[in-house]
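# Survey of secondary and tertiary structure
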Amino acid sequence: MNSEPQRSRFSDVITNDTAGAILTIDVDAICENYRMLEAKACPAACGAVVKADAYGLGAAKIAPALAAAGCRQFFVAHLEEGMALAGLLPEQAHIFVLNGLPPGTEALCAEAGLIPVLNSLEQLRAWSALAAQGRSRLPAAIQIDSGMSRLGLSPEEVEHVAGTPALLAHFDLRLVMSHLACADEPNNTANADQLASFLRLQRLLPAAPLSLANSSGIFLGADFHLDLVRPGAALYGLAPRADAPNPMRPVVSLAARVVQLRTIERGAFVGYGATFRAERTMRIATISVGYADGWLRSLGNAGAAWFGATRLPIIGRVSMDSATIDVTDLPEGALVPGMFVELIGPHQSADEVAAAAGTIGYEILTSLGQRYHRQYFARRAEPAAASLEKDMAA
Ligand SMILES: *Cc1c(COP(=O)(O)O)cnc(C)c1O
């Protein structure tokens, strides 16, 4: 398959002038967030979770920038994500596949130089069988289920593995990890319980670097940092804790173009299902974003756009390709067709959009559509020499 994006004969004239909506991703802010989390976790190492295309923001652009900022451990969820990333990162970078491997793909994974996170006895046995055939040990990570009941070896399975040394004999065990279910709730006792369970179970396995904390886990305190932390959301600007102001730099801005303005009279309805009825004369605008772009239907009659400091409530249902906003509060003529309103930006974070939609910022980011005109900001390119020096010092 050709990896070049398909170019139409109009490719050269597709610019922000033609865009229906513009998604801007500040790669420098992601790198600054990385450095902030790295400093907070120090002396633990700081990896980066770039699964789901770096939470919808573009792993091919973001992961190499994080590597230049010093990140050496990358986490994807699926084997195919790892294969796509493998060629884009420097040799010193390690790519871990969180979901482990579909049966039969072990050789492919080894060939791509990826490190599977072995979550079950089946995955562990299959990787072990491949490793036993080779001359050198194969790198592996093992996940322990410390209470979330999602992925990883159960306590009984950890004991079984501990009692069957042959299973691990051909591994270069790079990481033993687990995952927290309630890290965003600092007072939830499940956090300490999972930490204790993880520490108890990992002692049964050969010594290896330990990892437990996601973004929120980093903010639970140094006990949770262990050897390596695995932030995703916080890198992309989402708030790692609900009980404090967001310390992360914002990364994403989203602006949608105004297609049409109209005045409607009292009693007129707006949108599919006529779920909104005007109670007065209103000025409204139709904007170029819809649920096909990941601007969720649950934002109908709930979310808002912004123009400068004015909040413009979404009225009626969100359509596939458009949504309607109330612009009555703006001076007449302030907003005209062709101009843009803010959907994510200084007045409204992705977390706030999520709250209006009844979901979490993660879902807002990973739903961001392919139709947006995407632009990436990377003002300061990291000098290559600096990261080289760092490798040699390590
Ligand atoms: C997604 C994921 C992370 C990152 O979580 P954030 O909350 O986005 O920081 C870390 N570890 C595992 C196992 C994950 O699945």
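Anyway, here's the lowdown on the structure attached to this text. All residue numbers refer to position in the chain's written sequence, counted from 1. Note on the predicted model: pLDDT of at least 70 is required for a residue's local features to be given, and 80 or more for side-chain atom pairs to be given and counted; whole-chain, interface and lining totals, by contrast, use all residues. Excluding hydrogens and water, the side-chain figures rest on all heavy atoms present in the structure.

Moving on, we get to the overall build of the chain. A count of helical and extended segments in the chain gives 12 helices and 19 strands. If you line up the chain on its principal axes, its C-alpha atoms span 75 × 50 × 40 Å. For every residue, the accessible area obtained with a 1.4 Å probe (protein chains only) is divided by the maximum for its type, and the residue is called buried under 20%, exposed over 50%, and partly exposed between those limits. Out of the 394 residues belonging to the chain, those deemed buried represent 48%. Contact criterion: two residues are considered in contact whenever any of their non-hydrogen atoms come within 4.5 Å of each other. Taking as baseline every contact in the chain between residues at least 6 positions apart, the subset at least 24 positions apart corresponds to 66%. Under the convention used here, Asp and Glu are negative, Lys and Arg are positive, and both His and the chain ends fall outside the count. Each charge is placed at NZ for Lys, CZ for Arg, CG for Asp and CD for Glu. Charged side chains of the chain number 31 positive and 39 negative; the gap between the two group centres comes to 4 Å. Runs of H or I in DSSP of at least four residues are treated as helices and runs of E of at least two as strands, each being numbered from the N terminus.

What follows deals with unusual backbone geometry. Going from Cys 42 to Pro 43, the amide bond is cis rather than trans, its omega being 10 degrees. Along the chain, the position of Pro 43 falls in the loop between helix H1 (27-41) and strand S2 (45-46). Positive phi, close to 55 degrees, is recorded for Ala 54, a residue that is not glycine. Tracing the chain through its elements places Ala 54 in helix H2 (residues 51-55). Under the relative-accessibility criterion, Ala 54 is labelled buried at 0%. Non-glycine residue Leu 226 carries a positive phi angle of around 50 degrees. Leu 226 gets classed as partly exposed once you look at its relative accessible area, which sits at 22%.

The residue Asp 26 is located in strand S1 (residues 21-26) in this model. The exposure class assigned to Asp 26 is buried, which follows from its relative accessible area of 10%. A distance of 3.1 Å separates a polar atom in the side chain of Asp 26 from the backbone nitrogen of Asp 28. Sequence-distant contacts of Asp 26, defined by excluding residues within four places in its chain, comprise Arg 249, Val 251, Phe 377 and Arg 379. Two N or O atoms count as a polar contact when they lie within 3.5 Å, although within protein this holds only if one can serve as hydrogen donor and the other as acceptor, and sequence-adjacent residues are included solely when both atoms are side-chain atoms.

With that settled, the discussion passes to the pairing of strand S4 (residues 73-76). Where burial is concerned, the two faces of S4 agree: the one with Gln 73 and Phe 75 and the one with Phe 74 and Val 76 are both buried. Pairing between strand S3 (residues 48-49) and S4: two bridges, direction parallel. Residue pairing in the sheet places Ala 48 in a bridge with Phe 74 of S4. Sheet analysis places S4 next to strand S5 (residues 94-97), joined by four bridges and oriented parallel. Across the sheet, Gln 73 pairs through a bridge with His 94, a residue of S5. We call a crossover right-handed when, viewed with both strands directed away from the observer, the connection leading from the first strand over the helix to the second proceeds clockwise. Regarding topology, helix H4 (residues 79-86) serves as the crossover connection from S4 to the parallel S5, and that connection is right-handed. In this scheme, strands are said to pair when DSSP sees at least two bridges between them.

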